[in-house]
Amino acid sequence: MSQNYTLTTVGHGRLIPRKTSMTEEQLQKCTGQSSAFWLTRIMDGIYRLNCKNKITAEHCVRNYQVYCPQCKLVMEPILPANKHETPVYTCKKCSN
Ligand SMILES: [Zn+2]
């Protein structure tokens with residue numbers, strides 16, 4: 001089962017993860033008004049960035065830095081965002 005993290009926008013171009021134990025479905029309901037993005041853990045140091053609107057996720061890859069939930073370093077996108085795939089981010093420190 002994947003862990004979920006909500007993403008809080010702080011300032012311009014930064015998404016800070018906040019750990020939560022809610023399921024993805026619960027998250028979507030809960031974050032309906034406030035947050036459009038959240039992370040799910042795939043493996044250690046590898047997270048999928050989810051959002052309610054995949055075009056917004058594409059925008060996110062270009063315009064935002066996403067921070068690692070574990071060590072708070074900036075993560076790098078490892079799959080290109082497109083209309084069919086949500087972006088995956090990796091933390092160089094935590095994935096090794
Ligand atoms: Zn990390």
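Our subject is the structure listed above.
Residues numbered from 1 in each chain as written. Predicted model: local features only at pLDDT ≥ 70, side-chain atom pairs only at ≥ 80, totals over all residues.

Engineer: Help me out: how do you make sense of the overall build of the protein chain in this one?
Structural biologist: Secondary structure assignment for the protein chain yields two helices and seven strands. Residues counted as buried form 26% of the 96 residues belonging to the protein chain. In the protein chain, of all internal contacts separated by at least 6 residues, the share reaching a separation of at least 24 is 42%. (Helix = DSSP H or I, 4+ residues; strand = E, 2+ residues; numbered from the N terminus. Buried ≥ 20, exposed ≤ 12 C-beta atoms within 10 Å, placed from the backbone. Contact = placed C-beta atoms within 7 Å.)

Engineer: Just checking my understanding: could you explain the pairing of strand E4 (residues 46-51) for this structure?
Structural biologist: It is a general feature of regular strands that their side chains alternate between the two faces of the sheet. Where strand E3 (residues 37-43) meets E4, six bridges bridge the pair, whose relative direction is antiparallel. Note that in E4 the partner of leucine 39 across the bridge is leucine 49. Pairing geometry for E4 and strand E7 (residues 88-90), over three bridges, is antiparallel. In the strand pairing of E7, arginine 48 is matched with valine 88. (Pairing = 2+ DSSP bridges.)

Engineer: Would you mind showing me how to read the environment of glutamate 85 here?
Structural biologist: With respect to the secondary-structure elements, glutamate 85 resides in the loop between strand E6 (74-77) and E7. The class of glutamate 85 is partly exposed, set by 13 C-beta atoms lying within 10 Å. C-alpha separation for the pair glutamate 85 and glutamate 58, spaced 27 residues apart in sequence, amounts to 9.4 Å.

Engineer: Explanation requested: the nonpolar core in the structure shown.
Structural biologist: Burial of nonpolar side chains together is a common tendency in soluble globular proteins. If you look at the biggest cluster of nonpolar residues, it comprises 17 residues, and the most contacted ones within it are Leu7, Phe37, Leu39, Leu49, Val66 and Met75. Contributing elements (two or more residues each) for this core: strand E1 (4-9), E3, E4, helix H2 (54-63) and strand E5 (65-67). Residue contacts for leucine 49: discarding those within four places in its chain leaves Phe37, Leu39, Ala57, Cys60, Val66, Thr86, Pro87 and Tyr89. (Core = buried A, V, L, I, M, F, W, Y, C linked by C-beta atoms within 7 Å.)

Engineer: I keep staring at unusual backbone geometry and nothing clicks. Help me out?
Structural biologist: Leaving glycine aside, a negative phi is the common case for residues, and trans is the common case for peptide bonds. One non-glycine residue, lysine 72, lies in the positive phi region at around 70°. Position of lysine 72 among the secondary structure elements: in the loop between E5 and E6. The exposure class of lysine 72 is exposed, given the 12 C-beta atoms found within 10 Å.

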